[in-house]
Amino acid sequence: VLAFAVTAQAPAFAAKRVALVLGNSAYTHAPALPNPVNDANEVAAKLQALDFTVSLAVDATKAETDAILREFANALEGAEVAIFFYAGHGLQVAGQNYLVPVDAKLAKERDLEFEAVRVDFILKQMELGREDKTNVVFLDACRDNPLSRSLARTMGTRSASIGKGLAQIDAGVGTFIAYSTQPGNVALDGKGTNSPFTEALLKRITEPGRNLTSV
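Calculation criteria
- Residues numbered from 1 in each chain as written.
- Predicted model: local features only at pLDDT ≥ 70, side-chain atom pairs only at ≥ 80, totals over all residues.
- Heavy atoms only, no water.
- Helix = DSSP H or I, 4+ residues; strand = E, 2+ residues; numbered from the N terminus.
- Expected span 1.5 Å × (residues − 1).
- Buried < 20%, exposed > 50% of the residue type's maximum accessible area, 1.4 Å probe, protein only.
- Arc of directions from axis to C-beta.
- Contact = heavy atoms within 4.5 Å.
- pLDDT = per-residue confidence, 0-100.
- 1 Å grid on protein atoms, 1.4 Å probe; cavity = no way out; pocket = protein on both sides within 12 Å on 5 of 7 lines; lining within 4 Å.
- Points joined across faces, edges and corners; volume = space filled by probe spheres on them.
- Nonpolar A, V, L, I, M, F, W, Y, C, P; charged D, E, K, R; others polar.
- Salt bridge = Lys/Arg side-chain N within 4 Å of Asp/Glu carboxyl O.

A. Seen up close, helix α2 (residues 36-49). With 14 residues, α2 ought to run about 20 Å at 1.5 Å a step, and its terminal C-alpha atoms sit 20 Å apart, in line with that. Among all positions of α2, only Pro36, Val37, Asp39, Ala40, Val43, Ala44 and Leu47 are buried. An end-on view of α2 places all buried positions within 155° of arc, on one side of the element. The inward-facing, buried residues of α2 abut β1 (17-23), β2 (53-58), β3 (81-87), β7 (134-140) and α7 (196-204).

B. Molecular detail of the confidence of the model for the chain. Put simply, the chain has an average pLDDT of 84, and 78% of its residues get 70 or more. Counting interchain partners and residues more than four positions distant, the pLDDT-below-50 stretch residues 157-161 has six contacts.

C. Region of interest: empty space enclosed by the protein. Counted under the stated rule, the structure contains three cavities of 30 Å³ or more. Volume-wise, the largest cavity comes out at about 60 Å³. If you trace the largest cavity, you find it lined by Val43, Lys46, Leu47, Ile83, Phe138, Leu201, Leu202 and Ile205. The dominant element in the lining of the largest cavity, judged by the number of residues it contributes, is α2, at three residues. Residue classes in the lining of the largest cavity are distributed as seven nonpolar, no polar and one charged.

D. Representation of the pattern of salt bridges in the model. Tallied over the full model, the rule gives eight salt bridges. Asp111 is the salt-bridge partner of Lys108, the closest N and O atoms lying 3.4 Å from each other. Judged by its relative accessible area of 44%, Lys108 is partly exposed. Residue classification places Asp111 among the buried residues on the basis of a relative accessible area of 10%. Among the salt bridges present, the one from Arg118 reaches Glu113, with a minimum N-O distance of 3.0 Å. For Arg118, a relative accessible area of 30% translates into the label partly exposed. The exposure class of Glu113 is partly exposed, given its relative accessible area of 42%. Salt bridges linked by common partners bring Glu80, Asp132 and Lys133 together as one network.

Below, the structure is given as structure tokens:
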């Protein structure tokens, strides 16, 4: 993992490298977010320039998200390095992190499993059969989420299980996870065309001589 930023610079590096990039801005049941689609498009372009095979989806519904996740899972076979990048709404409930497709309503707790995507599910797909490989996960999903508040109103006393931002994840060996802010906190969406997190990532990811932690 620490060698990623250096090896990603070398087009001649023959190892298979794949990435899935998702960015959701146009939410049906929540105000639109200005930056995630920009973030996703620019990260995808940057990774393609670094010789990654990139799958990209913007403003994806749950069905579209499930479909591209299945494609990504198939592409992981034989990949030395895999990257997952997500920008958009996310939430944590009872210690579980969920990413929110654009058509999610989340009117009640039961809807979480049908309308959102568990981060643990994505990590499992990235780690299955790839114990000696490298996984890098970027979660720019700690924005203030109105869907969390509407869900809390339907959960009564159980609403205490809904936390701010995303929960800490215990990653497997070979998996590196970066958040846009510390677990349990909310990050700004930013006033420019990108979030502060993605703007910094885009600026630094191609700098030579840096390992992933310093990036």
